[in-house]
Amino acid sequence: MRILLIASAFNSLTQRVHTVLRDEGHAVSVQLAVGDRSLREAVARTDPDLILAPMLTAVVPEDIWSTRTVLIVHPGPMGDRGPSSLDWAIQEGAQDWGVTVLQAAAEMDAGDIWASVPFRVAPCGKSELYRGEVSDAAVRAVLLAVERYEERSYTPVPLDYTAAGVQGRARPPMRQADRRIDWRSDDTETVLRRLRAADSRPGVLDELYGDEFFLHGGHPEDELRGAPGAVLATRDGAICRATVDGAVWIPRLRARRVPGGPATLKLSAAAVLGERLAGVDEAEADPRAAADRDTWSEIRYREHGRAGFLEFSFPGGAMDTARCRRLLAAYRDAIARPTSVLVLGPRRDVFSNGIHLGVIEAAADPAGESWANINAMNDLVQAVLTTTDRLTVAALPGNAAAGGLMLALAADEVWCRAASVLNPHYRLMGLYGSEFWTYTLPRRVGAAQAALLTSRTLPVGARQAHFLGLADLVLPGSQEEFRSQTVRRAAELAASAPLPGRIAVKRARRAEDEAAAPLAGYRSDELARMERNFFGESEPYHALRADFVHSVRQLTTPEHLLEWAPAHS
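Residues numbered from 1 in each chain as written. Predicted model: local features only at pLDDT ≥ 70, side-chain atom pairs only at ≥ 80, totals over all residues. Heavy atoms only, no water.

Caption draft 1: Layout of the overall build of the protein. The secondary structure content of the protein amounts to 21 helices and 26 strands. Here the C-alpha radius of gyration of the protein, 24 Å, is about what a compact globule of 569 residues would show, namely 25 Å. C-alpha atoms of the protein, sized along the principal axes, occupy 65 × 60 × 55 Å. Expressed as a percentage of its 569 residues, the buried residues of the protein come to 57%. Restricting the contact set of the protein to residue pairs at least 6 apart, pairs at least 24 apart contribute 69%. As displayed, the protein offers around 23,600 Å² of accessible surface, 51% of which is attributable to carbon and sulfur atoms. (Helix = DSSP H or I, 4+ residues; strand = E, 2+ residues; numbered from the N terminus. Rg over C-alpha atoms; globule rule 2.2 N^0.38 Å. Buried < 20%, exposed > 50% of the residue type's maximum accessible area, 1.4 Å probe, protein only. Contact = heavy atoms within 4.5 Å. Areas by Shrake-Rupley, 256 points an atom, 1.4 Å probe, with all protein chains shown as cover.)

Caption draft 2: Seen up close, the packing of aromatic side chains. Overall, the coordinates contain 8 aromatic pairs when judged by the stated rule. An angle of 45° between the planes, with centres 5.8 Å apart, marks the rings of Trp114 and Tyr154 as tilted. Residue Trp114 is located in strand 6 (residues 113–120), and its partner Tyr154 is located in the loop between helix 5 (126–151) and helix 6 (176–179); the two are separated by 40 residues in the primary sequence. Residue Tyr154 is classed as partly exposed on the basis of its relative accessible area, which comes to 26%. Ring plane angle 50° and centroid distance 5.2 Å describe the contact between Tyr439 and Tyr522, whose orientation is recorded as tilted. Of this pair, Tyr439 sits in helix 14 (residues 437–445) while Tyr522 is found in helix 19 (residues 519–535), placing the two residues 83 residues apart along the sequence. On the basis of relative accessibility, which here comes to 22%, the residue Tyr522 falls in the partly exposed class. Three or more aromatic residues joined by ring pairs form one cluster here, namely Trp114, Tyr149 and Tyr154. Stacked on the ring of Tyr541, the Lys or Arg Arg545 has its end atom at 5.0 Å from the ring centre. (Phe/Tyr/Trp six-rings, centres within 6.5 Å; stacked < 30°, edge-to-face > 60°. Lys NZ or Arg CZ within 6 Å of the ring centre and 35° of its normal.)

Caption draft 3: Quick look at the pairing of strand 13 (residues 252–255). Sheet topology places strand 8 (residues 211–216) next to strand 13; 4 bridges connect them, and they run antiparallel. By the bridge assignment for strand 13, Phe213 is matched with Ala255. The sheet contact formed by strand 13 and strand 14 (residues 267–268) spans 2 bridges and is antiparallel. Residue pairing for strand 14: Leu253 is matched across the bridge by Leu267. (Pairing = 2+ DSSP bridges.)

Caption draft 4: Looking closely at unusual backbone geometry. With an omega of 5°, the peptide bond between Arg201 and Pro202 qualifies as cis. Inspection of the secondary structure assignment puts Pro202 in the loop between helix 7 (188–196) and strand 7 (204–208). A positive phi angle, near 55°, is found at Tyr209, a position not held by glycine. Locating Tyr209 in the fold gives a position in the loop between strand 7 and strand 8. What makes Tyr209 partly exposed here is its relative accessible area of 40%. Not every positive phi belongs to a glycine, and Phe436 is a case in point at roughly 65°. With respect to the helices and strands, the residue Phe436 is situated in the loop between strand 24 (421–423) and helix 14.

Caption draft 5: Molecular detail of the sheet that holds strand 1 (residues 2–7). Across the sheet, 6 strands lie side by side as 2-1-3-4-5-6; this open sheet has mixed pairing. Only two strands of the sheet have a single partner each, and these edge strands are strand 2 (27–32) and strand 6. Each neighbouring strand pair of the sheet contributes to a mean axis angle of 20°, computed without reference to strand direction. Strands in contact with helix 2 (residues 36–46) are strand 1, strand 2 and strand 3 (50–53); relative to strand 2, the strand with the most contacts, it is inclined by about 160°. (Axes fitted to C-alpha atoms, helices over the stretch in contact; angles between N-to-C directions.)

Caption draft 6: Just the pattern of salt bridges, in detail. If you walk through the whole model with that rule in mind, you get 40 salt bridges. Between Glu133 and Arg348 there is a salt bridge; the shortest N-O distance is 3.0 Å. One end of the pair, Glu133, is in helix 5; the other, Arg348, is in the loop between strand 19 (341–344) and strand 20 (354–355), with 215 residues separating them in the sequence. Grouping residues by exposure puts Glu133 and Arg348 together as buried. A salt bridge links Asp211 to Arg276, with the shortest nitrogen-to-oxygen separation between them at 2.9 Å. Here the residue Asp211 occupies a position in strand 8, and Arg276 occupies one in the loop between helix 8 (269–273) and strand 15 (281–282), the gap between them amounting to 65 residues. Assessed through its relative accessible area of 32%, Asp211 is described here as partly exposed. By relative accessible area, Arg276 is classed as partly exposed at 33%. Here the salt bridges do not stand alone but share partners, grouping Asp292, Arg302, Glu311, Arg347 and Arg483 into one network. (Salt bridge = Lys/Arg side-chain N within 4 Å of Asp/Glu carboxyl O.)

Caption draft 7: Spatial organisation of the nonpolar core. Among the nonpolar cores identified, the biggest contains 83 residues, and Leu253, Leu310, Leu396, Leu441 and Leu470 are the most heavily contacted of them. Looking at which element gives the most residues to this core, the answer is helix 12 (residues 366–385), with 8 residues. Once residues within four sequence positions are removed from consideration, Leu470 is found in contact with Leu409, Val414, Leu422, Pro424, Leu441, Arg444, Val445, Leu453, Val460 and Ala465. Counting 42 residues, the second largest nonpolar core, distinct from the first, contains Leu71, Val117, Leu129 and Ala565. (Core = buried A, V, L, I, M, F, W, Y, C linked by side-chain atoms within 4.5 Å.)

Caption draft 8: Representation of the packing of helix 12 against helix 19 within the structure. Their axes nearest at 11 Å, the elements helix 12 and helix 19 cross at an angle of 160°. Accordingly, the angle class assigned to the pair helix 12 and helix 19 is roughly antiparallel. In this structure, helix 12 crosses over helix 19, and the sense of that crossing is right-handed. For the pair helix 12 and helix 19, contact is made by Ala367, Gly368, Ser370, Trp371, Ile374, Asn375, Asn378, Asp379, Gln382 and Leu385 and by Leu519, Arg523, Leu527, Met530, Glu531, Phe534 and Phe535, respectively. Split into classes, the residues belonging to the contact of helix 12 with helix 19 amount to 9 nonpolar, 5 polar and 3 charged. (Parallel < 35°, antiparallel > 145°, perpendicular 65-115°, else oblique. Left-handed = near helix turned anticlockwise from the far one by under 90°. Nonpolar A, V, L, I, M, F, W, Y, C, P; charged D, E, K, R; others polar.)

Caption draft 9: How the structure looks around helix 2. Among the residues making up helix 2, those that are buried are Ser38, Leu39, Ala42, Val43 and Thr46. The arc that holds every buried residue of helix 2, seen down its axis, measures 135°, which confines them to one face. Away from its buried face by more than 90 degrees, helix 2 exposes Arg37 and Ala44. The secondary structure elements touched by the buried residues of helix 2 are strand 1, strand 2, strand 3 and helix 3 (62–65). (Arc of directions from axis to C-beta.)

Below you can see the structure in the form of structure tokens.
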């Protein structure tokens, strides 16, 4: 079928639905909800067989939904209604939730139901849950609804609150008054639920050191204790704050915007608080010690047999200069261990999205910080590329993009969860790209395909990534199942008889490649182009970055999304 996606943003779920539908043999076009007129024009121009809205905050015009079948993906179980579905589920401690695909109607979230898929609510933040369990359930629900629509024999079920299995209800938007934390009485579990329900946006409005900030993200702490509300320590840019029965880590803050003042950004809590933290201790950040603790640590290291696992998890997958340097130091420690396989990647969620555009935007010298950040990323990627005494594996339980994906491609093997979405391009941010992509990407997919991937700028699903050569292994299942399979496979690989021979072949190939074209040359050529992107007067990068960081609403749909993306072969 020809399926038109309408969405408020081409976000992670919209991208995943885009790739999955193409994998299933459908042609897909995208129209951003930038106005009723543009929606009407898109429908008239594309004449789709079906309209699907994976993530839509706007109302579909009546003249569209009354004449076409429009299916809406809602992140809640049958009967759930309202814009704060996940917020209420997380804050109220729901253990089970769901995703429902329903038909657009006059009342929001009240149309006939085409499919509903349940999921277990993981103990994590809203954005991580959305990219994980919600996305998995949404894809299953979308595929079921599309299959039923194609069959033409299925009758969608009207919403009936008296029917068995309908447990949801209409909910109002969650306000800051609903999210408020009382540090004098709320226990750790309550504080964590409130923080996690608002982790990406809007944050929890609170007071620290006499000023108002939005708190973003929440993680437990197993040892530190103190007076409720007090800041006890910092680690990796996060602050640890005491509760009545424990403590929590808060990674990021955003200063409340002064009326009429400039926009504020989510940044590491320590960076936002600055000198206010004078006298607050920096807690030890030892990746090996943190591996088995219930505490905040962006980097952990553990071993299973002869396989080492260097785990890193950065909010939104963004890696600023300091994070790159910390991860490089941990990588160097990891390759000093007596292992024969080293696995890189988080236990859950995003692998990496490359340089940290938010930190760059907030810097006094954005061009200079961009330069420092890309060089720190290059140092890390080069360390992986030049590791010749063991096999390296990049394990992707979630998405990767731009320089973050090139970090993965530096490893000898790339293992993806079937739900992963890859974006092997930089162009949408006005960048040529670095991280040795001109070496690693053509080496995997060929020069012609590398040029296509970096210029067409469409997402690539895991199945297509395997077909193209971007991924060596695709594993089905949940994030937890992916992790257990990765551990088992890596341990087996580390103990396998052929491994020493594979490492020897790898070492020889690296030497041959270096003799033919040194890595320093790739780096120099890429950075020459990036330097112009960062410091050139007429380059679009700085404006594109500012629009992205400040979530400036797009006024038109990019041309590459409007075009029909054909089904995958």
